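# Commentary on secondary and tertiary structure
Each chain, written out:
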Amino acid sequence: MMVPVPVPLEEAEVRLRRALVLLALFVLGCAVVAAGAALGLGAVWQDVHEWVFSRVTGDQLGG
């Protein structure tokens, strides 16, 4: 059985602040990766859409 050990308030605050900073950096990193993926997929989708649309309409300039 684990017995809780009292932690000085300053040390607890430092640990909490560090945990919150790491969490914020993780969330920010995920947002940056998601934005990059969205931009990349958007560009690919635009190219695919133009290619398919040119084939459907019979316009061979898109090719």
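Quick look at the overall build of the protein chain now. Within the protein chain, the secondary structure is distributed over 1 helix and 0 strands. For 63 residues, the compact-globule formula gives about 11 Å, and the C-alpha radius of gyration of the protein chain, at 26 Å, lies well above that figure. If one aligns the C-alpha atoms of the protein chain with their principal axes, the spans along those axes are about 75 × 25 × 10 Å. Within the protein chain, buried positions represent 2% of all 63 residues. Accessible surface, the protein chain: about 5,900 Å² in total, of which carbon and sulfur atoms supply 74%.

We now examine the environment of W45. Here W45 shows up in helix α1 (residues 9-57). With 31 residues separating them in the primary sequence, W45 and V14 have C-alpha atoms 46 Å apart.

This part takes up the environment of L41. Assignment of secondary structure puts L41 in helix α1. Separated by 40 residues in the primary sequence, L41 and M1 place their C-alpha atoms 52 Å from one another.

This part takes up the side chain of S54. Summarising the element assignment, S54 is placed in helix α1. Its relative accessible area of 5% is what places S54 among the buried residues. At 2.7 Å, the side chain of S54 and the backbone oxygen of W51 are in polar contact.

Cut-offs applied
Residues numbered from 1 in each chain as written. Predicted model: local features only at pLDDT ≥ 70, side-chain atom pairs only at ≥ 80, totals over all residues. Heavy atoms only, no water. Helix = DSSP H or I, 4+ residues; strand = E, 2+ residues; numbered from the N terminus. Rg over C-alpha atoms; globule rule 2.2 N^0.38 Å. Buried < 20%, exposed > 50% of the residue type's maximum accessible area, 1.4 Å probe, protein only. Areas by Shrake-Rupley, 256 points an atom, 1.4 Å probe, with all protein chains shown as cover. Polar contact = N/O pair within 3.5 Å; in protein donor to acceptor, adjacent residues only side chain to side chain.

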